[in-house]
Amino acid sequence: MEVNGKDDIKVPLLQASNDLEAQDPEPRQNVSKGIQEFTFKIKGIECASCATSIESVLGELDGIETAVISPLEGHAVVRHNPAIVTVNTIRETIENAGFEIDGLQEQNVVVCRLRIKGMACTSCSDSLERALASAHGVKRAVVGLALEEAKIHFDSHETNVNQIIEGVEDAGFGAVLINSAIDANIVHLKVEGMNSTEDVSIAKAALEAALGVNHVEIDVENNTVKISYEPDVTGPRDLIRCIEEAAPTPAAYHAILYVPPKQRETDQQNEIRMYRDQFLGSSLFTVPIFFFSMVLPMLPPIGNWLDYKIHNMFTIGMLLRWILCTPVQFIIGRRFYLGSYHALRRKSANMDVLVALGTNAAYFYSVYILMKSITTEKFEGQDFFETSAMLISFILLGKYLEVVAKGKTSDALAKLTDLAPDTATLVELDKDGNIISEREISSQLIQRNDTIKIVPGAKVPVDGIVINGQSHVNESMITGEAKPVTKRPGDKVIGGTVNENGCVLVKATHVGSETALSQIVQLVEAAQLARAPVQALADKISRFFVPMVVSVAFITWLSWFIAGEAGLFPKYWIPKAMDKFELALQFGISVLVVACPCALGLATPTAVMVATGKGATQGVLIKGGSALEKAHKVNTAVFDKTGTLTMGNPTVVSAVLFSGLSMEEFCDLTVAAEANSEHPIAKAVTEHAKRLRFKYGSVLKHVEETTDFEVHPGAGVSAKVGDRLVLVGNRRLMRAYNVPVNHEVETHISETEKLARTGVLVAVDGKIAGAFAVTDPVKKEAERVISFLHSMNISSIMVTGDNWSTAMAIAKEVGIEKVFAETDPMGKADKIKELQMKGSTVAMVGDGINDSPALAAADVGMAIGAGTDVAIEAADIVLMKSNLEDVITAIDLSRKTMSRIRLNYVWALGYNILGMPIAAGILFPFTGIRLPPWLAGACMAASSLSVVCSSLLLQSYKKPLQVEDVRCAV
């Protein structure tokens, strides 16, 4: 990965998504206290007493800091805390006072993420998503079943996180806040000596008054403080100092870093433990039932005592089965009743409804048999208590194994989060750069601009820039690039990477959520929550799946019952100790419990979770299921030239004069004109001109001021240097300014371009003054990547703003046959659209700002290398290192993932399509094979587990071997 350089050390590698920010410039926010200010107009104010009365009623509201009303024009300025009082409440209060409001319609859309508990299948996630989307103030909601999270976009003026959590709980699910928009950078501290309410008030007041503090929460019981802060303004050590200095007596408070348990891992372990305990508790009752109903009766005379009649036909065996089954049905199986209640209350149906119907049918029919046996002397019937208990036990066993397997789908992401070291060596330098002191601190206490010492073998704790020393850094864990990268003063380093052989001093530039590692984790988490289009099939099926299953089960029972009563099948088909009704009932129950909507719901999200996590460890960041799905359809790959197919480090190999200007003047004018350009070729020309100036004269001490500087995309730049118009660019720029290009210049440029070099012309006052020849070496892997893409039936095209001759020479070198040259940024996007109009699915691979329109226009945009923030924002897939082989990795991983998703669907759908007829007894007349309800329940549990395990096989994904083989052969 190209990380060297200082140009972008002030911005994170991956920009945070825009949806995390307020979308309206109004209202103004006081970030240090979370206070918002609104200006609006109130109609009907006739005098000062009206204004005073409005100020009075507003002042009575909790959360209003100030309210100022102008009696002359009716303007109002209100400062309030949106977490306490909403805009709607303010509006209603003023309207209740008899006045009308004009212009109070501002929106402040923010995002929060919640951990959702209690979702069983796609029907649950779908119904919760609909409930959230219809909630007041919620603009958009996405619920991920496999990730067990929800991402909610809401207007903070109309609702808040607590109200959203209440809505989730009203829908029958548990919810825990993961983070909200203000939680970008938080620190947890434990404060010793905070023993009274007064101490709590002192600490909170001191923190809230501190510059850069957004929000403060104090847990009085545990003496912990959660602080959200702005890393540009303050940091964890400053906050610790703030608390300790606020103490009424010296050293009364002692604050230390507190690391709360990781919520996701804790929740996963709690869920695993819950299902394990429920299964073991259920087994405690179910195993004896199994022996009393299926084993001992087959072993006379050992089991004869079970047939001892207590009263009429009521036996000891019946009593024992009833006593043992009841706790399983109503205590351990309570979760299915609650799940069914909440699902039906939401006017939907899920797996819990099927399980509850099946087990209740078996249990209450058995109770009916029990009652008849007590009240009738000659009644004979078979109870199904073992069916109910065994069904619940097997389902709980399946859920236990499923949650264990689902926990492994995020292993790759967990490994990323654990890359950062726990501690770091903080040093203080004197004015000469010598180390005065050094001490070991927690990595979470590092603040921006701290100087960190990194010894050989140590991990880099945060993103920063090397200020002293030299070393090689292994970045494979972040970028997938195995070769260590040389680091010198001025080069950037990434948190989580390993320093190999030298000692370096690093200045921290990005901390907390701004580090590349944090940004990668956030991007992958967002991708895992995003829903792939292929999942729409499961969503559609889930809406009618359970009602359909209930209908089929009822029809199955009715058909077998009517057939039995009508004598349509011989009596010997009916098992011993069972009648026609009971046989029909068993078939109906089997249909209810064998159908599994869970497997369908897990088919896509589990595969996407594993694939995006695995891609991140390979240096390929995929922004969601949609990008993953589109990438597998790609049949045309369009490459930018500079920085993509080439190294992106152009160098000038020659300079020629075509006028009477001296070389010194020629260089001075060129440097002045190109000084404001950020293009790689412009930088190369500028550096070469400075060196040339030194060779022919003296060092250029002052660059002449320019006016009317203008960038001409795909052509060059123009500027006024003094009173002279200077143009630096290609022939297209010269034609645009009607600068004549004579035969000598044309011949020189043509010869330059035939050598795969770019000719840069310099014109002064309408005449060609000279030219530079610029070369940019082709990446060594470019040719074999293009060849490999061809073997994957993907055609390659190059689109560049460079001239035709150079473009064709580069294309010939790497094996690309189709080229679009001399194309500006919008022209690149137009070429993409032309290819799409012809039916091609296009992937655009680029690295610069000028590629962003094409990246956005393509079906799949791939930003290669460190790139630019704009390119990364526009791309669907971010390739962390500047290696073209990752283009193949991204497409190949997408294809493997989609194949796995299809296989999951084939299994999930095939299981239901085959399982339901077998459970309904379609094979029984021919083979005598019948699927008992308890076995049907075991099959249902196994289906979900098999889908999750199928997705986990993606963990073994490796980059295409052919590419590695070719690399080794070179």
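Everything numeric in this text was worked out from a predicted model, so none of it was measured.

Would you mind going over the overall build of the protein chain with me for this structure?
Per the secondary structure count, the protein chain includes 32 helices and 37 strands. A burial count over the protein chain gives 53% of its 970 residues as buried. Counting only carbon and sulfur atoms, one obtains 56% of the accessible surface of the protein chain, whose full area is about 42400 Å².

I keep staring at the nonpolar core and nothing clicks. Help me out?
Generally speaking, nonpolar side chains in soluble globular proteins are found buried as a group. Counting 150 residues, the largest nonpolar core has I152, F639, M862 and I877 as its most contacted members. The greatest single-element share of this core, amounting to 12 residues, is contributed by helix α29 (residues 885-919). Non-local contacts of M862, meaning those with residues more than four positions away in its chain, are made with A843, M844, V845, G846, L855, A875, I877, L879, V887, A890 and I891. If you look at the next biggest cluster of nonpolar residues, it comprises 38 residues, including V191, V216, L239 and V504.

Sorry if this is basic, but what is going on with the packing of aromatic side chains here?
To describe a pair of aromatic rings, one takes the distance between the centres and the angle between the planes. On inspection of all chains with the given rule, the structure shows 21 aromatic pairs. Centroid distance W557 to F561: 5.7 Å. Interplanar angle 5 degrees. Geometry classified as stacked. With W557 and F561 both in helix α15 (residues 536-565) and four residues apart, this pair spans about one turn of that helix. A network of ring pairs unites the aromatic residues Y365, Y368, F554, W557, F561 and F581 as a single cluster. Over the face of the ring belonging to F336 we find R335, whose NZ or CZ atom lies 5.1 Å from the ring centre.

Mind showing me how you'd approach the sheet that holds strand β11 (residues 213-219) here?
Two strands in a sheet stick together by hydrogen bonds in their backbones, pointing the same way (parallel) or opposite ways (antiparallel). With antiparallel pairing, the four strands of this open sheet are ordered in space as β11-β12-β10-β13. Of all strands in the sheet, those bounded by a partner on one side alone are β11 and β13 (254-257). Across the sheet, the mean angle from the axis of one strand to that of its neighbour is 30 degrees, orientation sign disregarded. Where strand β10 (residues 186-192) meets β13, four bridges bridge the pair, whose relative direction is antiparallel. By the bridge assignment, V191 is partnered in β13 with A255. On top of the sheet, helix α6 (residues 236-245) reaches β10, β11, β12 (224-229) and β13; it is set at about 30 degrees to β10, its chief contact.

Explanation requested: the environment of S125 in the structure shown.
Along the chain, S125 falls in helix α3 (residues 122-133). Accessibility expressed as a relative area gives 3% for S125, which makes it buried. Taking the C-alpha atoms as reference points, S125 and E149, separated by 24 residues in sequence, lie 9.5 Å from one another. Sequence-distant contacts of S125, that is, excluding residues within four places in its chain, are made with M119, V143 and L145.

It is not clear to me how the pattern of salt bridges should be interpreted in this structure. Could you clarify?
Where charged atoms of side chains with opposite charge meet at close range, the side chains can pair. Taken as a whole, this structure holds 17 salt bridges when the rule is applied. One salt bridge in this structure joins R130 and D126, with 2.6 Å as the shortest N-O distance. With a gap of four residues between them, R130 and D126 both fall in helix α3, about one helical turn apart. One salt bridge connects R784 with E885, and the closest N-O pair in it is separated by 3.2 Å. With a gap of 101 residues between them, R784 in helix α24 (residues 782-791) and E885 in helix α29 connect regions that are remote in the sequence. Classification of R784 by relative accessible area gives buried; the value is 16%. Judged by relative accessible area, which is 6%, E885 ranks as buried. Several salt bridges share partner residues, and in doing so they unite R113, R115 and E149 into one network.

Which parts of the structure should I look at to understand the sheet that holds strand β29 (residues 716-721)?
With respect to topology, six strands assemble into an open sheet ordered β27-β32-β31-β30-β29-β28, the strand pairing being antiparallel. Here the strands that pair on one side only, and so sit at the sheet edges, are β27 (651-657) and β28 (706-712). When the angles between neighbouring strand axes are averaged without regard to direction, this sheet yields 15 degrees. Note that strand β30 (residues 724-729) and strand β31 (residues 758-764) share four bridges and pair antiparallel. What sits directly across from L727, in β31, is A763.

Quick question: what am I supposed to make of the packing of helix α10 (residues 351-375) against α15 here?
When two helices pack together, their arrangement is captured by the angle between the axes and the distance separating the axes. As a packed pair, α10 and α15 sit with axes 9 Å apart at the nearest point and diverge in direction by 20 degrees. When the axes of α10 and α15 are compared, the pair comes out roughly parallel. Remark: the crossing between α10 and α15 carries right-handed chirality. Here V353, L354 and L357 of α10 come into contact with α15, specifically with V546, V549 and V550. Looking at the contact of α10 with α15 residue by residue, the class counts come to six nonpolar, no polar and no charged.

Could you clarify how one ought to interpret the confidence of the model for the protein chain in this entry?
Detailed reading of the predicted coordinates is not advisable wherever pLDDT is low. Overall, the prediction assigns the protein chain a mean pLDDT of 81, with 89% of residues at 70 or greater. Strand β1 (residues 28-30) is the least confidently modelled element of the protein chain, averaging 40 in pLDDT, while strand β26 (residues 636-639) averages 94, the highest of any element. Here residues 961-970 is modelled with pLDDT under 50, and outside its nearest four sequence neighbours on either side it reaches 11 contacts, counting other chains as well.

Sorry if this is basic, but what is going on with the side chain of Q329 here?
Tracing the backbone through its elements, the reader meets Q329 in helix α8 (residues 316-332). Separated by 3.1 Å, the side chains of Q329 and N360 make a polar contact. Each residue touching Q329, except ones within four places of it in the same chain, is listed here: R334, Y337, T359, N360, Y363, S388 and I392.

Sorry if this is basic, but what is going on with helix α26 (residues 825-837) here?
Structurally, the α-helix is built with 3.6 residues per turn, so residues lying three or four positions apart point the same way. Look at α26: 19 Å from first C-alpha to last across 13 residues, which is about the 18 Å you get at 1.5 Å a residue. Those residues of α26 not exposed but buried are P825, G827, K828, A829, I832 and L835. Where α26 is buried, its residues touch β26, β33 (795-799), β34 (818-820), β35 (842-846) and α27 (852-857).

What is the right way to read the pairing of β33 from this model?
Residues in a regular strand project their side chains so that they alternate between the two faces of the sheet. Among the five residues in β33, four count as buried, and that is most of the element. Pairing analysis gives three bridges linking β33 to β34, with the strands arranged parallel. Looking across to β34, one finds that M798 is bridged to V819. Crossover β33 to β34 through helix α25 (residues 804-814) is right-handed.

Hey, could you run me through a nonpolar patch on the surface in this one?
A contiguous nonpolar surface patch, about 370 Å² in accessible area, is contributed by F554, I555, L558 and I562. Mapping I555 onto the fold places it in helix α15. Classification of I555 by relative accessible area gives exposed; the value is 51%.

Before we go on, may I ask you to explain unusual backbone geometry in this structure?
Note: most residues except glycine have negative phi, and most peptide bonds are trans. A positive phi angle, close to 50 degrees, is found at N312, a residue other than glycine. Owing to a relative accessible area of 25%, N312 belongs among the partly exposed residues under this scheme. With phi around 55 degrees, N738 is a residue other than glycine that occupies positive phi space. Checked against the element boundaries, N738 lands in the loop between α22 (731-736) and α23 (743-754). We classify N738 as exposed; its relative accessible area is 67%.

Help me understand the environment of Y368 in this model?
Within the secondary structure, Y368 is located in helix α10. Through-space distance from the C-alpha of Y368 to that of G381 is 9.7 Å; in sequence the pair is 13 residues apart.

Would you take a moment to explain helix α5 (residues 197-209) for this structure?
Taking 1.5 Å per residue, 13 residues should reach 18 Å; α5 reaches 18 Å between its end C-alpha atoms and fits that length. For α5, the set of buried residues is D199, V200, A203, A206 and L207. Buried positions in α5, seen along its axis, are confined to an arc of 140 degrees and lie on one side of it. The outward face of α5, more than 90 degrees from its buried face, is lined by the exposed residues T197, E198 and A209. In the core, the buried residues of α5 are packed alongside β11, β12 and α6.

Definitions and cut-offs
- Residues numbered from 1 in each chain as written.
- Predicted model: local features only at pLDDT ≥ 70, side-chain atom pairs only at ≥ 80, totals over all residues.
- Heavy atoms only, no water.
- Helix = DSSP H or I, 4+ residues; strand = E, 2+ residues; numbered from the N terminus.
- Buried < 20%, exposed > 50% of the residue type's maximum accessible area, 1.4 Å probe, protein only.
- Areas by Shrake-Rupley, 256 points an atom, 1.4 Å probe, with all protein chains shown as cover.
- Core = buried A, V, L, I, M, F, W, Y, C linked by side-chain atoms within 4.5 Å.
- Contact = heavy atoms within 4.5 Å.
- Phe/Tyr/Trp six-rings, centres within 6.5 Å; stacked < 30°, edge-to-face > 60°.
- Lys NZ or Arg CZ within 6 Å of the ring centre and 35° of its normal.
- Pairing = 2+ DSSP bridges.
- Axes fitted to C-alpha atoms, helices over the stretch in contact; angles between N-to-C directions.
- Salt bridge = Lys/Arg side-chain N within 4 Å of Asp/Glu carboxyl O.
- Parallel < 35°, antiparallel > 145°, perpendicular 65-115°, else oblique.
- Left-handed = near helix turned anticlockwise from the far one by under 90°.
- Nonpolar A, V, L, I, M, F, W, Y, C, P; charged D, E, K, R; others polar.
- pLDDT = per-residue confidence, 0-100.
- Polar contact = N/O pair within 3.5 Å; in protein donor to acceptor, adjacent residues only side chain to side chain.
- Expected span 1.5 Å × (residues − 1).
- Right-handed = clockwise from strand over helix to strand, strands pointing away.
- Patch = residues over 30% accessible without salt bridge, like charges linked within 9 Å, V, L, I, M, F, W, Y side chains within 5 Å.
- Arc of directions from axis to C-beta.

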